[in-house]
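Per-entry structural report
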Amino acid sequence: PASVEDWDTLIRRLTAGMAVLLLDGCAKGIAFSVQSLNARSVDEPAGEGNLRGSREGFADLLRVNTSLLRRCFRNDALVIEIGQADCEMKTEYALCYCRDTADPKAVQKVRQTLQRARPQLLLDSSYFVPWLFPCKIRTFAPVRYTERPIVAAAKLREGKFVILVNGSPSALILPTLFCENFECLDDYAGTAYFASFLRVLKYISFYLSIFLPGVFVCWAVYLPELLPPQLLFKIEAAEQATPLFGEMLLVILMLEIIREAGLRMPQTLGHSVSLIAALIIGDAAIAAGLMSTPVILTAAAASIAVFVTPSLYEVATVLRLVVLLAAGVAGPVGLAACALGV
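Here's what I pulled together on the structure shown here. Everything numeric in this text was worked out from a predicted model, so none of it was measured.

With that settled, consider the environment of P224. Within the secondary structure, P224 sits in the loop between α6 (192–222) and α7 (229–239). Dropping the residues within four chain positions of it, P224 is found in contact with W219 and L232.

One number sums up the size of the second largest pocket: a volume of about 890 Å³. In terms of lining, the second largest pocket is formed by 27 residues, of which the most central are A16, Q84, K90, E92 and N166. Those elements that place two or more of their residues in the lining of the second largest pocket are α1 (7–15), α2 (62–70) and β4 (78–84). With five residues, α1 is the single largest residue contributor to the lining of the second largest pocket. In terms of residue class, the lining of the second largest pocket is built from eleven nonpolar, eight polar and eight charged.

All right, on to the pairing of strand β5 (residues 92–98) then. Within β5, six of the seven residues are buried, which leaves it mostly tucked inside the rest of the structure. Pairing geometry for β4 and β5, over seven bridges, is antiparallel. Paired with V79 across the bridge in β5 is Y97. For β5 and strand β7 (residues 161–165), the ladder comprises four bridges, and the chain directions are antiparallel. Looking across to β7, one finds that A94 is bridged to L164.

Examined against the element boundaries, A85 turns out to sit in the loop between β4 and β5. Taking the C-alpha atoms as reference points, A85 and L121, 36 residues apart in sequence, are found 9.0 Å from one another. Apart from the residues within four sequence positions on either side, A85 is in contact with K90, T91, Y93 and L122.

What counts and what doesn't
Residues numbered from 1 in each chain as written. Predicted model: local features only at pLDDT ≥ 70, side-chain atom pairs only at ≥ 80, totals over all residues. Heavy atoms only, no water. Helix = DSSP H or I, 4+ residues; strand = E, 2+ residues; numbered from the N terminus. Contact = heavy atoms within 4.5 Å. 1 Å grid on protein atoms, 1.4 Å probe; cavity = no way out; pocket = protein on both sides within 12 Å on 5 of 7 lines; lining within 4 Å. Points joined across faces, edges and corners; volume = space filled by probe spheres on them. Nonpolar A, V, L, I, M, F, W, Y, C, P; charged D, E, K, R; others polar. Buried < 20%, exposed > 50% of the residue type's maximum accessible area, 1.4 Å probe, protein only. Pairing = 2+ DSSP bridges.

Structure, rendered in structure tokens:
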């Protein structure tokens, strides 16, 4: 039970599902926890697959998420500070850190930043990013998100902070290094040489997804002598209908449209979208001579490689288009400039 001494506290307790006992002539009330909230059960996260380790994922209720995180710590090292955002909905959030490894100055700075934040709505932990990192133009995200309590617990032991918001299963981890986007839980459960091989493979896949379409267009348009004659004949047959640069750009945009449609549409229609996409892009476009097989293969390989590092999907997609535009307009010079920029 908790005491209630003013009108704002009374409204906050009642809207949280608690019961408040008020006595005539008494200036204080007592709030009791009687919540019986229906929420999604603790399931395995769909976007973070792993071979070993716990299958539990964060739910939507903040109390459930803090209890899942508390189970990973059987001592008093974990600190969970519950607060309310300064918005109309008064959404609760939790700042989690480990007192043994977290920097006290950083704890104070993050705590004050969250208290000063003024979001109109607080529906996810990502709403705090503009206040934590006030930068209008941001290429790579300075934070990371996870739905696994064991991943959040591991980052807490490294001295990082975890922010949970009521109603969202995504936990915000800060600060984050670029190399952490290529790590996963299975790296620490296997042998060192195989984990190193997978780490190198992820780096190769990330840069392959960015530069492969641009390099192909640059070679085929500006340096055709580097390609085999059989490949040049197929590219030339398709270029009679569509320029190579426009063809590659069209295929990449179509793949992104198909991905977005498959993500947003009802699951019962997902097979229909896959079938239509395969018929239109894979068969009909080649038969009509609008697209060549090498272009579709290159764009598909780049689109698949980006899913090896799903946390970098947004930036990799944008950089892929930028590199393609630079390589198609400026050739090797534009490709080299983009490589140096990345």
